[in-house]
Amino acid sequence: MSEQPRSSSIHSHGVPELVLASTRQPGAEVCSDIHIRDGVVAAIIPSQHKRLAGVGRGAARVVNLDGRYAIPGLWDEHVHMTQWALASNRVDLAGANSARAAAAVVGSYLAGTVAPADASSAAHTASGAAPTLVGVGFRDAVWPDLPGLELLDGVTQGHPTALISHDLHCVWLNSAAAARYGVPVDRSGLLREEPAFELTRELGRLPDTLVDPWVKKAAGAAAARGVVGIVDFEMTWNRDEWLRRIAGGFDALRIEAGVYPQDLDRAVAEGLRTGLPVDGGGGLLTVGPLKVLIDGALNTRTAYCIDPYPDGGHGLLTVSGPELLELLVRARQAGFVPAVHAIGDAANRVALDAFEAAGIGGRVEHAQFVRNEDFVRFGRLGVTASVQPAHALDDRDAAEANWAGRTDRSFPLRSLVAGGARLALGSDAPVAPLDPWTAMSAATARARQDGRGPWHSEQALTRQEALTASTRGRGRLRVGDPADIAVLDGDPLAVSDADFAAMPVAATLVAGRFTHGGA
């Protein structure tokens, strides 16, 4: 990119503040200049035209993009931002292919032969006590052996240790950690669902001066991938954390901060509702949806399913149908868009039944496993499917093992589209990386760039569908849009699958302000 000289001041009187010169939209050959004023796309003019309808370059800053491709900025619709920032600074267990292998990684770390990205942050330190070692990312659903208290105790030698599964729905403890946090565990050493969430929140209670820079760094990395905003479903009262971060200089992303049922009364009392800008948020912070978890996850075999798992269980329904209906009615009355976590096919049916009875639209988070007859209900009821395509590749083996013979309707993107659902793509970071290109690649190719073949390619999206679902339905830049823009080095509709997954992002703008590139 190159920049033309600019005046020291920006004039009003119809002159835009910024011109992105010589850009192309995906699939196009003709270059245009994107004129931005007051954080909005004011005009898109063919580059050979100097002026059109009173709009000209004048004294505006002009950045020549040399024919690069401009798209609406990307959103990650489902993130646990603090957990994502913490995960990159903890002991990584993602590569462990067995319980014994995971225990060996922990043992090696304690012996000083393996370290996380930042060794000072691998431990959660209780006042006056030895630090707790925290690991992340294990996937026991496909392990040939089982986690166990005795196994972890054997390698940790009394050092308090807590290992968080990749889906956040399970924590594997040793005896010392169980005693420290006062939680009962059986011979498995495992906590699942709400007890696991409670301990995960406790493990995240680190100094703001430590965590906030990690969050800022993670946000900068997201901006470098073209991300302009996230829906943050961190399991806390999250508004005040974001206000503190923004006051401290955070400005890389737009944030929609979700609310959980335990905080709904507080939110209503403070006059919050979905989509409302938060005072003091610098125009970046708005109130997000009401997040309701009604089942578990595939890895922990707690996703609520109609047919049994191989062990005979059906998973867990953690919020009953009548309870969910009551919450959705309250959400409607309070001005909150409900976002219902439903992974198993039985849970998705419960969620759709409640949406229909409440007479309200909203979102289903995940929708990983759906009965064929329920797909059309998404479109008919106006329910958005907020999906995380990378999970299809991460969990394909777990799905085949636990939903055997039925995986044609798991991670069912094409079936949801055919049923009239609006899709919103995300990562569920730290479950998958906060990188929309990873999500879009998984959605369109249904395969990684590792030589392993596609999985249920009949459920793939087109590139344009994936882009639209990652840009809040915008798909292409239009006059009047917020000037939230990603500038790419290649045409996302034409590059190879490998280049699409690793798409180079030259610049990112939020409201016409560069958050990445543009120098």
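Predicted model, so just to flag it, every value in this text is computed and none were measured.

**Student:** Even after reading the chapter, I still don't get unusual backbone geometry, so can you show me in this structure?
**Tutor:** A negative phi holds for most residues other than glycine; trans holds for most peptide bonds. In this structure, P430 follows A429 across a cis peptide bond, with omega equal to 20°. Structurally, P430 is set in the loop between β20 (423-425) and α15 (436-445). The backbone of D66 shows a phi angle near 55°, a positive value even though the residue is not glycine. Residue placement: D66 occurs in the loop between β5 (61-64) and β6 (69-72). Despite not being glycine, E193 has its phi angle at roughly 55°, a positive value. In this structure, E193 sits in the loop between β13 (190-192) and α5 (194-203).

**Student:** Would you take a moment to explain the pairing of strand β7 (residues 74-79) for this structure?
**Tutor:** Every other side chain in a regular strand lies on the same face of the sheet, so the side chains alternate between the two faces. Of all the six residues making up β7, six are buried; the element is thus mostly covered by neighbouring parts of the structure. As judged from the four bridges shared by β7 and strand β14 (residues 227-232), these two strands associate in the parallel manner. Within the sheet, the bridge partner assigned to D76 lies in β14 and is I230.

**Student:** Would you explain the sheet that holds β7 in this entry?
**Tutor:** In any sheet, the strands associate via hydrogen bonds between backbone groups, in a parallel or an antiparallel arrangement. An order of β7-β14-β15-β16-β17-β18-β19-β20 is seen for the eight strands of this open sheet, with the pairing classed as parallel. With one partner strand each, in any of the chains shown, β7 and β20 form the two edges of the open sheet. Here the average twist between neighbouring strands, direction ignored, is 25°. α15 contacts β7, β14 and β20 of the sheet and is inclined by roughly 85° relative to β7.

**Student:** Explain the nonpolar core to me, please; I cannot follow it from the model alone.
**Tutor:** Nonpolar side chains in soluble globular proteins tend to end up buried together. Counting residues in each nonpolar core, the largest one holds 83 residues, and the members touching the most others are I294, F378 and W437. Among the elements that make up this core, the one with the highest residue count is helix α10 (residues 345-358) (seven residues). Setting aside anything within four residues of it in sequence, one finds W437 in contact with I71, L74, R225, L467, L488, P492, F500, A501, M503 and V505. Core analysis: the next-biggest nonpolar cluster, separate from the first, contains 17 residues, A102, L133, L151 and L152 among them.

**Student:** Any chance you could explain the pattern of salt bridges here in plain terms?
**Tutor:** Oppositely charged side chains can pair when the atoms bearing their charge come close. All chains considered together, the criterion is met by 41 salt bridges. Between D240 and R239 there is a salt bridge; the shortest N-O distance is 3.1 Å. With a relative accessible area of 33%, D240 lands in the partly exposed category. We note a salt bridge from D353 to R377, for which the minimum N-O separation is 2.8 Å. Placement of D353 in helix α10 and of R377 in helix α11 (residues 375-381) is noted, with a sequence separation of 24 residues between them. D353 gets classed as partly exposed once you look at its relative accessible area, which sits at 38%. Given a relative accessible area of 9%, R377 falls into the buried group. Each of D307, D345, R349, D353, E356, R371, E373, D374, R377, R380, R406 and R409 takes part in a single network of salt bridges with overlapping partners.

**Student:** I'm lost on α15 in this one. Help?
**Tutor:** Residues spaced three or four apart along an α-helix point in a common direction, a consequence of the helix completing one turn every 3.6 residues. Taken across its ten residues, α15 has nine buried, putting it largely inside the fold. Along α15, the residues that are buried comprise P436, W437, A439, M440, S441, A442, A443, T444 and A445. The backbone nitrogen of W437 has a side-chain oxygen 3.0 Å away, supplied by the residue at the start of α15, namely D435. Of the residues one or two after α15, R446 is the one with positive phi, at around 55°.

Definitions and cut-offs
Residues numbered from 1 in each chain as written. Predicted model: local features only at pLDDT ≥ 70, side-chain atom pairs only at ≥ 80, totals over all residues. Heavy atoms only, no water. Helix = DSSP H or I, 4+ residues; strand = E, 2+ residues; numbered from the N terminus. Buried < 20%, exposed > 50% of the residue type's maximum accessible area, 1.4 Å probe, protein only. Pairing = 2+ DSSP bridges. Axes fitted to C-alpha atoms, helices over the stretch in contact; angles between N-to-C directions. Contact = heavy atoms within 4.5 Å. Core = buried A, V, L, I, M, F, W, Y, C linked by side-chain atoms within 4.5 Å. Salt bridge = Lys/Arg side-chain N within 4 Å of Asp/Glu carboxyl O. Polar contact = N/O pair within 3.5 Å; in protein donor to acceptor, adjacent residues only side chain to side chain.

In short, geometric facts, not functional conclusions.
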